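# Topology and contacts: notes
Below are the chains, spelled out letter by letter.
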Amino acid sequence: MADSCPDSLELLEAAVESCVGCGFCLEACPTYLENGHEADSPRGRIALVDGLMNDLLEVTPEAVRHLDLCLGCRACEAACPSGVPYGSILERGRDWLRRRPGRRKSGRDRILEFALTFILPKPGVLKLLAFLLKLSHFIGLFSLAARLPLPAKLKELLPLTPTVDGPAYIPRDRSPQGSPTGQSALFLGCVQQQLFPQVHESTAALLQASGKAVLHPKGQGCCGALHLHNGYLDQAKALARKNIDAFMNFLIDHPEGLIVVNAAGCGSTLKEYGHLFEGEPEEKVAKRVAGAVRDWSEVVTSAGFPGSASKTVRVAYQDACHLAHAQGIEKEPRALLEAHPGIDLVPLNDGALCCGSAGIYNIMEPEMAKRLQEKKIQAIEKVAVDYVASSNPGCLLQIRAGLKDDEARSAPEAIHPTTLLTQLGLKDNS
Amino acid sequence: MDLKSQISTLKAKIPGLLTERADLFAYRYDASIDRAWPAAVFLPKNQEEYVSGLRHIFEVGLPVTCRGAGTGLSGGSVPSDNAVVVGTALLRTIFEEELPNRLARVAPGVINLALSERTAHAGLHYAPDPSSQKTCTIGGNVAENSGGPHCLKYGVTGHHLLGATIVLPKNKERLSLGGKAMDPPGYDVLSLICGSEGTLAPLIDVTVKLTAIQAETRTMLAVFNEVTAACEAVTRILGLGVIPAALEMIDRLTISAVERVIQAGYPSDAEAVLLIEVDGFQESVDEQVASIEEACQGLATSIRLAQDGDERALLWRGRKQAVGALGQLAPNYYIQDGVLPRSKLPELFPTIASIGDKYGLPIANVFHAGDGNLHPVILFDRKKEGEVEKVIEAGTAILKACVEAGGTITGEHGMGLEKRHAFGLLFTKEDLTLFEAIKAAFDPDSLMNPGKIAPIPGACLEGGRKARVFDVRHEAPSPLPMKRLLPSPEEKDLQEQIAVARGAGAPLVIKGHDTWQCLGAKGAQVLRCPESFCGPRDYSPKDLVITLGCGTPVRELGPILAEHSQQLPLLQAYGDQGTVGGLLGMRPGGGHRRPGHGSLRERLVALRFLTGAGQIHQSGTRVAKNVAGYDLPRLLLGSRGTLALGLEATFQVAPKLPGESLRISGELESIEALCEELATRRIPWLGLTVLNAEATALLFPECAEDHWSLIVGLEDRERAVKAALKSVEEKPLLRGCELQRYSGPDHEALWDSLDGMPGALKDRFPTWQRLHTTGTEAIATLIRGVPRGTPATARRLCGFVDLYFPVSSDMDRRVSYSEESWLRQLYPWRPSLECARLSRAHRDLFRSLKAVFDPDSLFPSLLGEEKHG
């Protein structure tokens, strides 16, 4: 693939150099809080990358292990006073490690590569999977599997299997309600479109209620977030190019148009397409597209909310890492939830701490993911709510899998904020 | 045993010991510029693992470098040669939290800010606030005696330290130092541990004071076109008698870095800004703001008062993350930590700038201006050839300039690895020998963080040993020549006197005016300060410091300081015949004004002394903050003339503020209820003292019989005092009580008479003791424990009870004596009474320390174990 590797390496070195080692990031890091190990902290991982690149340290499974254990939640970036681009160090560092001559692939690498190459970028495969999931849930395959003598490690993953949350989303263009405020292009993504069609449905409804026309540019696909986070830069770039083409067409037709994303991980990746192509010919268009990307909560207004509600539900908001840390969006979704008369928003202790989902981390690193999940569930159980709202499919699955009914009350429902808002009723359809 | 087999032996005993290179790699650094590989890393998960692990490491004989969060800026937690790094990151238990008593006992890995956040609901916080407070640990803070912006008003870590448990490397035993009450009997080993940079003993747990969050806070940003104008403003603000909660300076280069990352709202065209925070009672805060505006008049181009919590938080975020933000301007930085008298600030800035020019290195300044604690940050790129050496040379030049200006080389970061070559700037060969002997009293095999603070004897001093390991190789800086101390003729006479006594094996006893009636051995010769050490030696009101000869009579001080509207509280206690040296030796606890004024421990900044070995040492200098070397002034404070003769002491003085008091006399029940209620109030306290019926009758004969009294003392700006007093007088509980206001000289006289009570009643009650206990216990003890007929007083906010009892009485049994409370002999001092309950381990340690200072036991024994019949 035509990738300018030396440039990427230079960018990586410069990013590593920007860390002064003050250690302010430590307490923001979920894995450091768990392990207390400097090598499992952002500063430690940057030092490891530095050491590996400068031959102060040999590439050993132990060294790579500390990098693998990073969630990529980027909470450290928010805590960093020097503006170190940690996410980029991790992505480029993983990419560099993967490409080193003589690297031997582990079983972990093989599974990862299979998913990244043959599932996520292929809408047909995803569609088939969604169908199989529906079928499996219908015939009770997962509850059967839970009773079969399968390996414990595999069984632990069972609760994470998603259900398809509604009828398939039909990407037909929609017109605004009330006074029009502009054009929006809904980013459909990969997993979100097949497994969470309801979230797209609700996002579109909220956009309409906020006066936006909702378009669905053709040619768009997976954003490449998981490829990027796991260090497959070439594949991520290939996917990004497709999306850049698709959305550039939209932006040519609608220069003021916005690209609206409802999955935090996709949003941060799209917003950072400019950095992905730094120093490359595509940089300019990538930046143009990235500049038009918005999270749903940056675009939706409370215009469509009803004036009063017949009942109120207690809701806790869990920050999706790639929304709060990577995009700096914490206030907007909370403000929208608070603005709805049917919602009593209660603060969640350590709401900004990662739940352990982190893309496919919970499958690759189930042990650490489970520890973080338990922490999160404890915090949620303390506040006794009806719903836990979060803007990322992975987080919702992770939280859903951990929540259990207890004697006093049934478990809160993990839900995307857009779904919650539309379920509670908008002006026109209430 | 070679290192390899030591590690494998250790691994068998500590299964979780990390030895993989990738694991070790992450423990080569802290936030400074030094790097070194550890031999192994141990991350205990709980206290049991921690203590047993430490014992195993000591047994195997490997050095230990303790590490909290690795945010240190002097290389203190960079591993010593072949050291096992013991990381406390997982030790985060808060064992005890006594909010009414304002204290907490925590594991060493508890995060500084986390403790404040946890106690905020009760209106309390842990006051020392290093910029890294979001991630740094309390254990690390204690090891370095960390400061922070708000330490200007609230004092550094050591001022907030009540107790600690250590494991003594010498015998691997656990040892509790201090506890929940203040001023434990015996030598102040706690002060020695604090700031010892992990070179004496590992901390197992730490007991700290919690401080009430003030009712009101105002934060201001003053903008200056010239750095010198900003420096002048600092001096003027303090000159107007305002001690802000924080007074921070940020220069142009730093502003540009901060604004790039944070957009804190610092004007980018300013040469310097001052971030000023005041706090306290509502009326006081308003007046302080007005005074600051007055002080900045004609100097600042603008002053902005933060309008809400968000704006305030943003201004502070800019300051706290400023050093990190400088990472935007260069890949590396080297941060200095020199302190100088505030009045020298304007002189030093051009010097720093010219040093930067000379070496071609940009230097940013962001620092605690109110303390005179500089943080020049030298920006560089360690990958450039020869750059690191240049940076160290430039840094050393700055340190030299600080010392020449009468300051010190580190105010809060510690000596660590990076400043040990500069040890000689402050210390003599004799000091080094003394430090080594102190270390050996704890750690004879030199296992605790060896090679920190001072150059390694015989190795680094000659520049032979590769002590500093950087990623980019460079020459280790050669140690600077040691300072030499020239004794005056009078001092030489004293040395001679000691030499004669040593030769003859004749005992000595240190005396001033004999106020405290100390015992010496039979026939002991008296050693006292010569005439030339009676009187003030150096007083600079601008810098808020005074140096006094230890023979100075205490009563001479008030008028000298009053001339500049300043005061040195605490000195007038217990009879005005005493000398400064006597007071230092006996450390009587600070008197009834301690809640407002603090104790001598918080005021003493330097001491010149003569040891029983005949050596003269000068420890500390004329600045408020100084963490270079072991804290000898505080160790000697209260050592009762058993270690050394004090010659010259330097204190921080305070601006004199107007005060007023209210006496409330009434039935015991009302007084008790009122006292508890008032103790929680956030008003400008001077003191809150309860007098039992006997003490009331003695001091206020006009009171009804059997009435108890409560003395409420307030000190602040006049309007604030009046308003606070009014809010007290409005209490419904006061009904049926007799009230009396005291202002002006009457107010002073009232508190003097409280402090002077033991002295005034000496004829009737010759023996006085102090009971130290926790705050909530104090009043109950006063009521339950004191026999009828004995006058006694209790300081509620400090948790002391002063009480009289005949030596033969059963008082000792009446009070519950534990780590939470102790009896101390006030006077006459009899070691057998005071030290009776010290454990064998404490006695052993005290004996070893005594042998360091007084090898021939010329002076009396603190434990009453006289060598000389």
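Here the structure is a predicted model, which is why all the values come from computation and not from measurement.

Procedures and definitions
- Residues numbered from 1 in each chain as written.
- Chains lettered and ligands numbered in written order.
- Predicted model: local features only at pLDDT ≥ 70, side-chain atom pairs only at ≥ 80, totals over all residues.
- Heavy atoms only, no water.
- Helix = DSSP H or I, 4+ residues; strand = E, 2+ residues; numbered from the N terminus.
- Rg over C-alpha atoms; globule rule 2.2 N^0.38 Å.
- Buried < 20%, exposed > 50% of the residue type's maximum accessible area, 1.4 Å probe, protein only.
- Areas by Shrake-Rupley, 256 points an atom, 1.4 Å probe, with all protein chains shown as cover.
- Lys, Arg positive; Asp, Glu negative; His and termini not counted.
- Charge placed at Lys NZ, Arg CZ, Asp CG, Glu CD.
- Pairing = 2+ DSSP bridges.
- Contact = heavy atoms within 4.5 Å.
- Buried area = accessible area lost by both parts, 1.4 Å probe.
- Salt bridge = Lys/Arg side-chain N within 4 Å of Asp/Glu carboxyl O.
- Polar contact = N/O pair within 3.5 Å; in protein donor to acceptor, adjacent residues only side chain to side chain.
- Nonpolar A, V, L, I, M, F, W, Y, C, P; charged D, E, K, R; others polar.
- Core = buried A, V, L, I, M, F, W, Y, C linked by side-chain atoms within 4.5 Å.
- pLDDT = per-residue confidence, 0-100.
- Axes fitted to C-alpha atoms, helices over the stretch in contact; angles between N-to-C directions.
- Left-handed = near helix turned anticlockwise from the far one by under 90°.
- Phe/Tyr/Trp six-rings, centres within 6.5 Å; stacked < 30°, edge-to-face > 60°.
- Lys NZ or Arg CZ within 6 Å of the ring centre and 35° of its normal.
- Disulfide = S-S within 2.5 Å.

This brings us to the overall build of chain A. For chain A, the count of helices and strands is 24 helices and eight strands. For a compact globule of 430 residues, the expected C-alpha radius of gyration is about 22 Å, and chain A comes in at 21 Å, within 12% of that figure. Taking all 430 residues of chain A together, the buried fraction comes to 58%. On chain A, roughly 18,100 Å² of surface is accessible, and the fraction owed to carbon and sulfur atoms is 56%. Side-chain charges in chain A split into 45 positive and 50 negative, and the spacing between the mean points of these groups amounts to 5 Å.

Turning our eyes to something else, we now look at the pairing of strand 27 (residues 659–666) of chain B. Residues and elements named next belong to chain B. Buried residues dominate strand 27, accounting for eight of its eight residues. Neither face of strand 27 is exposed, since Gly-659, Ser-661, Arg-663 and Ser-665 on one face and Glu-660, Leu-662, Ile-664 and Gly-666 on the opposite face are all buried. For strand 27 and strand 29 (residues 708–715), the ladder comprises eight bridges, and the chain directions are antiparallel. Looking at strand 29, one finds that Arg-663 is bridged to Ile-711. In this sheet, strand 30 (residues 738–743) lies alongside strand 27 in antiparallel orientation, the contact comprising six bridges. Following the sheet pairing, Ser-661 is matched in strand 30 by Tyr-742.

Every contact between the two is made by 38 residues of chain A and, on the other side, 42 residues of chain B. A buried area of about 2,900 Å², summed over both sides, lies between chain A and chain B, and 54% of it is on carbon and sulfur atoms. Counting the contacts that link chain A with chain B gives five salt bridges. With a closest N to O distance of 3.3 Å, Asp-50 of chain A and Arg-382 of chain B form a salt bridge. The interface formed by chain A and chain B contains 16 residue pairs in polar contact (both at pLDDT 80 or more). The set of elements that each furnish at least two residues to the side of chain A that touches chain B consists of helix 2 (30–35), helix 3 (42–53), helix 4 (61–68) and helix 5 (75–79) of chain A. Sorting elements by how many residues they give to the side of chain A that touches chain B places helix 3 of chain A first, with six residues. Here the residues of the side of chain A that touches chain B are counted per class, giving 17 nonpolar, 13 polar and eight charged.

Quick look at the nonpolar core now. All names here are of chain B. The biggest cluster of nonpolar side chains holds 101 residues, and the ones touching the most others in it are Leu-115, Ile-438, Phe-442, Leu-632, Phe-651 and Phe-853. Beyond its immediate stretch of four places on either side in the chain, Phe-853 contacts Leu-434, Ile-438, Phe-609, Thr-611, Gly-612, Ala-613, Leu-632, Leu-635, Leu-636 and Leu-643. Ranked by size, the runner-up nonpolar core spans 50 residues in total, among them Cys-231, Ile-237, Val-285 and Leu-348.

With that out of the way, let us pick up the confidence of the model for chain A. Mean pLDDT over chain A: 90, with 97% of residues reaching 70 or higher. The model gives residues 1–5 of chain A a pLDDT under 50, and that stretch makes seven contacts with residues more than four places away or in other chains.

Buried within helix 4 of chain A are the following residues: Ala-63, His-66, Leu-67 and Asp-68 of chain A. Tucked into the core, helix 4 of chain A has its buried residues touching helix 3, helix 6 (86–99), helix 7 (107–118) and helix 21 (361–364) of chain A together with helix 2 (21–25) of chain B.

For the rest of this paragraph, the subject is the sheet that holds strand 16 (residues 363–367) of chain B. The strands that make up a sheet are held in pairs by hydrogen bonds between backbone atoms, and each pair lies either parallel or antiparallel. Residue and element names in this part refer to chain B. Pairing is antiparallel across the open sheet formed by seven strands, whose spatial order is 14-11-13-12-16-17-15. The open sheet is flanked by strand 14 (300–305) and strand 15 (332–335), the only strands paired with a single partner. Within the sheet, the average angular offset between the axes of one strand and its neighbour, ignoring direction, is 20 degrees. Pairing analysis gives six bridges linking strand 12 (residues 246–251) to strand 13 (residues 272–280), with the strands arranged antiparallel. Each residue of the ladder has a partner; that of Leu-247, found in strand 13, is Ile-276. Of the strands in this sheet, strand 12, strand 13, strand 16 and strand 17 (376–380) are in contact with helix 9 (residues 252–261), which crosses strand 12 at around 90 degrees. This element, helix 14 (residues 387–404), spans strand 15, strand 16 and strand 17 of the sheet and lies at about 165 degrees to strand 17.

Residues and elements named next belong to chain A. Where helix 4 meets helix 6, the axes come as close as 11 Å, and the angle between the chain directions of the two elements is 150 degrees. The handedness of the crossing between helix 4 and helix 6 comes out as left-handed. In this structure, helix 4 uses Val-64, Leu-67 and Asp-68 to contact helix 6, whose residues at the interface are Leu-90, Arg-94 and Leu-97. Residues that form the contact of helix 4 with helix 6 fall into these classes: four nonpolar, no polar and two charged.

Once that is clear, we can look at the packing of aromatic side chains. All names here are of chain B. One pass over the structure, following the stated rule, counts eleven aromatic pairs over all chains. Both rings, one in Tyr-187 and one in Phe-846, keep their centres 5.4 Å apart while their planes meet at 75 degrees; by these two values the pair is edge-to-face. Of this pair, Tyr-187 sits in the loop between strand 8 (173–178) and helix 7 (189–193) while Phe-846 sits in helix 31 (residues 840–853), placing them 659 residues apart in sequence. Just as Tyr-187 is buried, Phe-846 falls in that class too. Among the aromatic residues, ring-to-ring pairing joins Phe-423, Phe-427, Phe-435 and Tyr-630 into one connected group. Over the ring of Trp-37 we find Arg-21; its NZ or CZ atom is 4.2 Å from the centre of that ring. The ring of Trp-37 carries the charged tip of Arg-28 above its face, separated from the ring centre by 5.4 Å.

Another point: the state of the cysteines. One pass over the full model with this rule turns up zero disulfides over all chains. Counting only cysteine sulfurs, Cys-76 of chain A is the nearest neighbor of Cys-25 of chain A, a cysteine outside any disulfide, at a range of 6.2 Å. Classification of Cys-25 of chain A as buried rests on a relative accessible area of 11%. Free cysteine Cys-194 of chain B: the closest other cysteine sulfur is in Cys-151 of chain B, separated by 11 Å. Take Cys-194 of chain B: its relative accessible area is 5%, and that puts it in the buried class.

Take the sheet that holds strand 8 of chain B next. All names here are of chain B. Here we have five strands laid out as an open sheet, ordered 4-5-9-7-8, and antiparallel in their pairing. If you trace the sheet from one side to the other, it starts and ends with strand 4 (94–98) and strand 8, each paired once. Adjacent strand axes in the sheet meet at a mean angle of 10 degrees when their direction is disregarded. Note: strand 7 (residues 161–168) against strand 9 (residues 203–209), five bridges, orientation antiparallel. Pairing of Gly-163 across the sheet is with Thr-207, part of strand 9. In this fold helix 3 (residues 47–60) packs onto strand 4, strand 7, strand 8 and strand 9, with an angle of close to 130 degrees to the strand it touches most, strand 9. Along the sheet face, helix 4 (residues 112–119) touches strand 4, strand 5 (103–106) and strand 9 and points at about 40 degrees away from the line of strand 4.

Our next topic: unusual backbone geometry. Residue and element names in this part refer to chain B. The phi angle at Ser-446 is positive, at roughly 50 degrees, despite the residue not being glycine. With respect to the element layout, Ser-446 can be found in the loop between helix 16 (429–442) and helix 17 (489–504). For Leu-544, which is not glycine, the phi dihedral falls at a positive 55 degrees. Here Leu-544 shows up in the loop between strand 20 (536–540) and strand 21 (545–549).

Bringing helix 23 (residues 393–402) of chain A into the picture now. Note that an α-helix has 3.6 residues per turn; residues three or four places apart therefore point the same way. Residue and element names in this part refer to chain A. For helix 23, the buried fraction is high: nine of the ten residues fall into the buried class. Within helix 23, the full set of buried residues consists of Pro-393, Gly-394, Cys-395, Leu-396, Leu-397, Gln-398, Ile-399, Ala-401 and Gly-402. Next to the buried residues of helix 23 lie helix 11 (191–195), helix 21, helix 22 (366–383), strand 7 (387–389) and strand 8 (413–415).

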